[in-house]
Amino acid sequence: MTKTALVTGASRGIGRGIALALGSEGYHVIVNYSGSEDKAKQVVAEIEDAGGSAEIHQCHVEIYDDVKKMIKHITDAHGSIDLVVNNAGVTKDGLLMRMKEADFDRVIDVNLKGTYNVIQNVSRPMLKQKSGKIINISSIVASLGNAGQANYVASKAGIDGLTRSVARELAPKGITVNAIAPGFIESEMTDVLSDEIKEGMLGQIPLNHFGSVEDIADTVTFLASGRADYITGQTIHVNGGMYMG
Ligand code: NDP
């Protein structure tokens, strides 16, 4: 039977790359997005052109009831949900002294609460199936800290802790829960940074080049595969050596 994978925030960037990779691995991919419908449709078209199958599903991951409906739709339509990649994420940077409460709340809501919303709703069908894999996209800055990103770093450090706790809860039923912490990956999220900041970053990467979306997608397909069945509760760093835990 075809396995089903949900990738949140799959209309662009890293999520798009993950969706394409899972499509080529034979998953039926649910391409979640918040606003970019045309881009999400384009991802589905690319997966289908490559011989795979996919569908779009609009949902703001921070809205619990909408996430609940999305997961119900997937399990009703496909019978099971085998893999979830919690990738949707936003930034609203600013130094703490000037950070607006709304900007702190927004980033925590989408990144951390959104991840909880999906895990909470997917864990019931996965427990029933006695199988499933959950992969959360964290960030290198959860380990390093980053001036100007207190909200984002708090959300990603929260994801790492959430991953370890949920991994312990779901392990007895054979469900694995892991996080991937990308370093500096070339995407729309990082395109907006100045050349000066990018140069500074490059100087901190021992492998001396930025990461690609494919570097993260390859890690996802590994963790999703049977070759990673004994790995749970881990945060896997993919960062060119920028942080060595
Ligand atoms: P992008 O900004 O390129 O893409 C973000 C994706 O998330 C889009 O598909 C967007 O959908 C979706 N999204 C945003 N808000 C919501 C929401 N409320 N509900 C559902 N989907 C939403 O980001 P990246 O590809 O760069 O990053 C992907 C993940 O990787 C994020 O979690 C990020 O924190 C993490 N990361 C990225 C790094 C990097 O160097 N790029 C480094 C470390 C971690 P739409 O298009 O519809 O708005």
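Here, every reference points to the structure presented above.
Rules behind the numbers
Residues numbered from 1 in each chain as written. Predicted model: local features only at pLDDT ≥ 70, side-chain atom pairs only at ≥ 80, totals over all residues. Heavy atoms only, no water. Near = heavy atom within 4 Å. Polar contact = N/O pair within 3.5 Å; in protein donor to acceptor, adjacent residues only side chain to side chain. Areas by Shrake-Rupley, 256 points an atom, 1.4 Å probe, with all protein chains shown as cover. Helix = DSSP H or I, 4+ residues; strand = E, 2+ residues; numbered from the N terminus. Nonpolar A, V, L, I, M, F, W, Y, C, P; charged D, E, K, R; others polar. Salt bridge = Lys/Arg side-chain N within 4 Å of Asp/Glu carboxyl O. Buried < 20%, exposed > 50% of the residue type's maximum accessible area, 1.4 Å probe, protein only. Contact = heavy atoms within 4.5 Å.

## Comments concerning the site of the ligand
Then, number 1: Surveying the vicinity of the ligand reveals 33 residues, the closest of which are Ser11, Gly35, Ser36, Tyr152 and Ser187.
Then, number 2: Within the contact set of the ligand, an oxygen atom lies 3.5 Å away from a backbone nitrogen or oxygen of glycine 183.
Then, number 3: With the chains in place, 95% of the 900 Å² that the ligand exposes on its own is no longer accessible.
Then, number 4: Those elements that provide at least two residues to the shell around the ligand are helix H1 (13-24), strand E2 (28-33), helix H6 (150-170) and helix H7 (188-191).
Then, number 5: Broken down by element, the shell around the ligand gets its largest block of residues, three residues, from H7.
Then, number 6: Partitioned by chemical class, the residues of the shell around the ligand number 14 nonpolar, 15 polar and four charged.

## Section: the pattern of salt bridges
Any two side chains of opposite charge can pair, on the condition that their charged atoms come close.
Then, number 1: Enumeration over the complete set of coordinates arrives at five salt bridges.
Then, number 2: Ionic pairing is found between glutamate 37 and lysine 41, a salt bridge with its closest N-O pair at 3.0 Å. Pair noted here: glutamate 37 and lysine 41 are both in helix H2 (residues 37-49), with a separation of four residues, about one helical turn.
Then, number 3: By relative accessible area, which is 35% here, glutamate 37 ends up partly exposed.
Then, number 4: Judged by relative accessible area, which is 43%, lysine 41 ranks as partly exposed.

## Comments concerning the environment of histidine 237
Then, number 1: When you line up the elements, histidine 237 lands in strand E7 (residues 235-238).
Then, number 2: With a relative accessible area of 28%, histidine 237 lands in the partly exposed category.
Then, number 3: Each C-alpha atom of the pair histidine 237 and isoleucine 180 lies 6.0 Å from the other, and the pair is 57 residues apart in sequence.
Then, number 4: Setting aside chain neighbours within four positions, we find histidine 237 in contact with Ser143, Ala181 and Tyr243.

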